[in-house]
Amino acid sequence: MDDLARLNDFRSEVPARLDLRAEEERLLAGMSAPARPDFRRLGLRAALAGGLAAAVGMAVFAVRGGPAPAPPPPVIRTVAAVELLTRAAERAGSRPELRPRPGQFLVFRSQSMDSAESDGQIWLSRSKRTIWLPVEGSSVGGVVREEILAPLPYPGRPLPPAAREEQARAGRPGRPERAADFDHRAEFLRSDYAYVSELPADADGMRRHLYTRLPFDGLQDYEAWNRVGGLLQESYLPAAQRAALFRAAATIPGVVTVKEARDAAGREGIAAAMVSPLGVREEYVFDPETYDYLGRRGVVVDAGRAGAPVGSVVSSSAQLEVSVADSAPDVE
Amino acid sequence: MSETSPADSAVIARSRQEPEVFGEIFRRHAAEIKRFVIRRLGLDVAEDVVAETFLAAFHQRGRYDLSRHTALPWLYGIATNLIGRHKRTEARQLNLLARTGVDPVTEPFTPRSDERLSAQAVQRRLAAALVALPAGHRDVLLLVTWGGLSYAEAAEALGIRIGTVRSRVNRARARIREELGGTDPTAPVIEEVRHG
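Here the structure is a predicted model, which means the values were calculated and not measured.

Cut-off values and rules
Residues numbered from 1 in each chain as written. Chains lettered and ligands numbered in written order. Predicted model: local features only at pLDDT ≥ 70, side-chain atom pairs only at ≥ 80, totals over all residues. Heavy atoms only, no water. Helix = DSSP H or I, 4+ residues; strand = E, 2+ residues; numbered from the N terminus. Buried < 20%, exposed > 50% of the residue type's maximum accessible area, 1.4 Å probe, protein only. Contact = heavy atoms within 4.5 Å. Areas by Shrake-Rupley, 256 points an atom, 1.4 Å probe, with all protein chains shown as cover. Pairing = 2+ DSSP bridges. Axes fitted to C-alpha atoms, helices over the stretch in contact; angles between N-to-C directions. Parallel < 35°, antiparallel > 145°, perpendicular 65-115°, else oblique. Left-handed = near helix turned anticlockwise from the far one by under 90°. Nonpolar A, V, L, I, M, F, W, Y, C, P; charged D, E, K, R; others polar. Buried area = accessible area lost by both parts, 1.4 Å probe. Salt bridge = Lys/Arg side-chain N within 4 Å of Asp/Glu carboxyl O.

Draft legend 1. Main features of the overall build of chain B. Summing up its helical and strand segments, chain B has nine helices and zero strands in all. Along chain B, helices (α) and strands (β) appear in the sequence α-α-α-α-α-α-α-α-α when read from the amino end. Residues counted as buried form 53% of the 196 residues belonging to chain B. Relative to all contacts within chain B whose residues are 6 or more apart in sequence, the contacts with residues 24 or more apart total 66%. Accessible surface, chain B: about 8200 Å² in total, of which carbon and sulfur atoms supply 48%.

Draft legend 2. The sheet that holds strand S1 (residues 105-118) of chain A, seen in detail. Residue and element names in this part refer to chain A. Spatially, the nine strands line up as an open sheet ordered S4-S3-S2-S1-S9-S8-S7-S6-S5, and their pairing is antiparallel. The outermost strands of the open sheet, each flanked by one partner alone, are strand S4 (177-178) and strand S5 (256-262). The sheet contact formed by S5 and strand S6 (residues 268-275) spans five bridges and is antiparallel. Pairing of Arg 262 across the sheet is with Glu 268, part of S6. Across the sheet, helix H9 (residues 220-232) is in contact with S6, strand S7 (280-286), strand S8 (293-300) and strand S9 (313-325); its angle to S7 comes to roughly 35°.

Draft legend 3. Inspection of the packing of helix H7 (residues 135-144) of chain B against helix H8 (residues 151-158) of chain B at higher detail. Residue and element names in this part refer to chain B. It is at 10 Å that the axes of H7 and H8 come closest, and there the two elements cross at 135°. The pairing of H7 with H8 is recorded here as oblique in orientation. As H7 packs across H8, the resulting crossing turns out to be right-handed. In this structure, H7 contributes Asp 139, Val 140, Leu 143 and Val 144 to the contact, and H8 contributes Tyr 151, Ala 154, Ala 157 and Leu 158. Looking at the contact of H7 with H8 residue by residue, the class counts come to seven nonpolar, no polar and one charged.

Draft legend 4. Representation of helix H10 (residues 239-249) of chain A. The element H10(A) is extensively covered by neighbouring structure, given that nine of its 11 residues are classed as buried. Residues of H10(A) that are buried: A:Ala239, A:Gln241, A:Arg242, A:Ala243, A:Ala244, A:Leu245, A:Phe246, A:Ala248 and A:Ala249.

Draft legend 5. A look at the interface of chain A and chain B. On the chain B side, the residues contacting the 65 residues of chain A number 82 residues. Carbon and sulfur atoms supply 56% of the area that chain A and chain B bury against each other, a total of about 6400 Å² over both sides. Summed over the shared surface of chain A and chain B, the number is nine salt bridges. One salt bridge in this structure joins A:Glu165 and B:Arg161, with 3.9 Å as the shortest N-O distance. For the side of chain A that touches chain B, the secondary structure elements donating two or more residues are helix H1 (3-9), helix H2 (21-32), helix H4 (52-63), S1, strand S2 (121-134), helix H6 (164-169), S4 and H9 of chain A. At seven residues, the largest contribution of residues to the side of chain A that touches chain B is made by H2(A). The class makeup of the residues in the side of chain A that touches chain B is 28 nonpolar, eight polar and 29 charged.

Shown next as structure tokens:
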């Protein structure tokens, strides 16, 4: 028995079935007490420390009577978003299709940059990675190999000491590791090929899929937009479903176009985008000629909410290659 | 999660308009959280910590990240913070177990006849190792073992970076292996995917 098994066994006599009546009564009593909104927590610091969790709280606050978000910069033309996504849909079938079979793996090579946070310090963490995902089933059966790249300062801030660990590890290729210990995603959020091949191939059906179980609380359109990203990044849809996804995405209220965008690899493109509750314009970038999906980018449009200057880039990715393999590398 | 019931995130979103709906989050997860709290602090303190965990969660539901479909990491994070207020209780019981072999935490659940003598030495050494860990390392280690959280979820629960989770788990495990006599020094550490 290894150390983890011994630890899991330690005090395992404590039963799973427990009397919870006292706790439930206290919760119910507390729930009926008058609520007091905690304004302090809606500040910038909380937004940075808590990431999107705090941002969602802020958005709800804003919806309930806070100041309206600033108007989007003039580079955006809303009508064109439909056109861009429609073109992407029309071109979805123009490339040779990958036809992965059960038992095989889809291999995604990508580069990304996302904000990272530790001890109240924030910076931009960057990596290159290749992930082998099983054609059917969750990412638990997948393998990932990641290479850390040199971290960058969060816009408007110095590179904090906490980023040093990444700096030291930068450039060394990682070893293949299991992609996930477990995958708690709900069924309707699956993105493996076997599942996405069965998704509706029409825009209406795909739109219903994107809004599955979303409460209409003012954030539903942004959530749906996020889910589009979940089907674009490290996921491969058959041409029919991909076309339906783009047509459905074009129907989401608030989607706009960005004429000049760039993915994490520096490739220039045109983007469809939506402004997040955190004041960041979340863009999906397409090749301006082929309308292939290139990657995503997050650009600050509300400095107060994002905690960074307007126009700065706080996240990005580039999907560099998608292929099919018979097997994934061995995990040590 | 069953196919027909809504995700935690949907329940929490609805509870922002209809607060009483939040009771469903309690019904889904209270037993698991309570078992975790008892394993760390014992039965006496657990009622307070569990009640406070869910009340705090209720008051913070407006800030819950709706893209997280299961609320367990969030609840574990709140519970772990509250457990931190009872460090002395936790240490006192672990020390007692390490010294005497009697564990006040499991005593209410252990029949007298079941002495589990063969395992006792290991348990005493585990208790000694756990009490010697820095609190932050113990928190992370127990979230990924007893709580069953992935590294990403533990990072989310505690508001720390995944790299910090990884290094704390590694250091805590090294400490425990040392205490147990270095039985399995090469056990691989598995990393969770970092989702952009």
